[in-house]
Amino acid sequence: MKILSPNKSLFILATALALFTASCGTVTTKTYTIDDVTMVAEGPLFDGSNTLQATVPIDLKNLEAWATPENVEKVTVKSITFTTTDSIGFDRIRSVIFQVAADGAQMQQAAVLNPVPTGVSSITLNPALDADLKDLFKQSALILVADADLNGDMDGNLEYKAKIEFEVSLKD
Amino acid sequence: MKKSLLFLLIALIAPVLSFAQAAEGDKLIGVWEPSHGKARVKIEKIGTKYYGKIVWLKEPNDPETKQPKLDKNNTDASQRTVPLKGYRLLKDFVYTGKGEWTEGTIYDPENGNTYKCIIKMKDDNTLDIRGYIGVEALGRTDVWKRLAVTSK
């Protein structure tokens, strides 16, 4: 068996390391915020689960000028907050399940709040820790879907403002 | 000239066919009951795909806690407080024609597993729901009945 000289071994090791590092690329993590989105369920609404929806475009250039769908490595939910100016607040809601969908990717359950506290004008949901929304962020638009469990019938619309923060890892 | 006419004809017919296909796919929308009769599932359309959530449970409360049943078998521990009533167990079905919806998944709250799934409409009020792992042959079919019969 031929033994390589220390210099040659060092050169091979350095080359391998350089190739490995180049293939890995640099991962940048940024917060993508969707703010002030109005989510609506049109009435009349009935006791039980009712769906509020909104469609929002995705523009990765808001994160980095070079970002494209191919650069998206991982996406997790950082925080989701709903607010309302309605005097009844969230008193009509027992629970909220929040999902994100898109025509070209699978729906992901992103957060839940159960039970919903009464007498408040703002609620913060508990994000799904295992959910990776990477494929959804490769689409041009997201469909935000909130299933609110109503504790009675309602004639009017159910309308909330949502603020969602996603943690997006981009690989260059 | 003949070619131009053909293109014009295709351009006119294509949207009509696409609309007809969408309308046919929407036949899945409604409230359905699995064969065990323990739940009712409302199927609706979000974007271009179909999703189904539990809207009624025969036994809505957990016998141990006496509280509404939760998704306690979810593999993601952070989501085990999700109530089963309202849970989306059918996701991402695409209508592919001939009374068939594919590319979707079905979730089994009894064990926390998600399976690939195909829906076939046998008649306007009967569905074959086939959940499977890997290939379609390795699966189980359940028959679901429509609750509110649509007028013809």
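(A) Quick look at the overall build of chain A. On a plain count of helices and strands, chain A comes out with one helix and nine strands. Starting at the N terminus, the α and β elements of chain A follow one another as α-β-β-β-β-β-β-β-β-β. Expressed as a percentage of its 172 residues, the buried residues of chain A come to 33%. Sequence separation of at least 24 residues holds for 76% of the intrachain contacts in chain A that already meet a minimum separation of 6.

(B) Region of interest: the overall build of chain B. Regarding its fold elements, chain B presents one helix and eight strands. Starting at the N terminus and walking to the C terminus, you meet the elements of chain B as α-β-β-β-β-β-β-β-β. Sorting the 152 residues of chain B into buried and exposed places 27% on the buried side. Restricting the contact set of chain B to residue pairs at least 6 apart, pairs at least 24 apart contribute 35%.

(C) Representation of the pairing of strand β3 (residues 49-57) of chain B. All names here are of chain B. When strand β2 (residues 39-46) meets β3, the two strands line up antiparallel, connected through eight bridges. Bridge pairing links glutamate 44 to tyrosine 51 in β3. Counted along the chain from β2 to the antiparallel partner β3, the turn is two residues long, and its residue glycine 47 has a positive phi close to 65 degrees. As judged from the three bridges shared by β3 and strand β4 (residues 88-95), these two strands associate in the antiparallel manner. In the strand pairing of β4, glycine 52 is matched with leucine 90.

(D) Up close: the pairing of strand β9 (residues 158-171) of chain A. All names here are of chain A. Here β9 shows a clear split, with Leu158, Tyr160, Ala162, Ile164, Phe166, Val168 and Leu170 buried on one side and none of Glu159, Lys161, Lys163, Glu165, Glu167, Ser169 and Lys171 buried on the other. As judged from the 13 bridges shared by strand β1 (residues 27-41) and β9, these two strands associate in the antiparallel manner. For methionine 39, the partnering residue across the bridge sits in β9 and is tyrosine 160. Relative to β9, strand β3 (residues 72-83) is paired through ten bridges, and the arrangement is antiparallel. What sits directly across from threonine 76, in β9, is glutamate 167.

(E) Inspection of the interface of chain B and chain A at higher detail. The interface is formed by 18 residues belonging to chain B together with 21 residues belonging to chain A. Among the secondary structure elements, those contributing two or more residues to the side of chain B that touches chain A are β3 and β4 of chain B. In terms of residues, the side of chain B that touches chain A owes the most to one element, β3(B), which gives four residues. Across the side of chain B that touches chain A, the residue classes break down as five nonpolar, six polar and seven charged.

(F) Geometry of the environment of Gly52(B). All names here are of chain B. Within the secondary structure, glycine 52 is located in strand β3. Along the chain, glycine 52 and leucine 89 lie 37 residues apart, while their C-alpha atoms are 6.1 Å from each other. Those residues within four positions of glycine 52 in sequence are excluded, and the remaining contacts are Val41, Lys42, Ile43, Arg88, Leu89 and Leu90.

(G) Quick peek at the sheet that holds β2(B). Residue and element names in this part refer to chain B. Strands sit in the order β1-β2-β3-β4-β5-β6-β7-β8 around a closed barrel of eight strands; the barrel is antiparallel. Taken over all neighbouring pairs, the strand axes of this sheet differ in orientation by 30 degrees on average, direction set aside. Bridge analysis of strand β1 (residues 30-33) against strand β8 (residues 139-146) gives two bridges, and the strand direction is antiparallel. Bridging across to β8, glutamate 33 finds its partner in lysine 145.

(H) Geometry of the confidence of the model for chain B. Predicted confidence across chain B gives a mean pLDDT of 89, with 84% of residues reaching 70 or more. For this predicted complex, the interface confidence reaches an ipTM of 0.83, while the overall pTM sits at 0.85.

What counts, and where the lines are drawn
Residues numbered from 1 in each chain as written. Chains lettered and ligands numbered in written order. Predicted model: local features only at pLDDT ≥ 70, side-chain atom pairs only at ≥ 80, totals over all residues. Helix = DSSP H or I, 4+ residues; strand = E, 2+ residues; numbered from the N terminus. Buried ≥ 20, exposed ≤ 12 C-beta atoms within 10 Å, placed from the backbone. Contact = placed C-beta atoms within 7 Å. Pairing = 2+ DSSP bridges. Nonpolar A, V, L, I, M, F, W, Y, C, P; charged D, E, K, R; others polar. Axes fitted to C-alpha atoms, helices over the stretch in contact; angles between N-to-C directions. pLDDT = per-residue confidence, 0-100.

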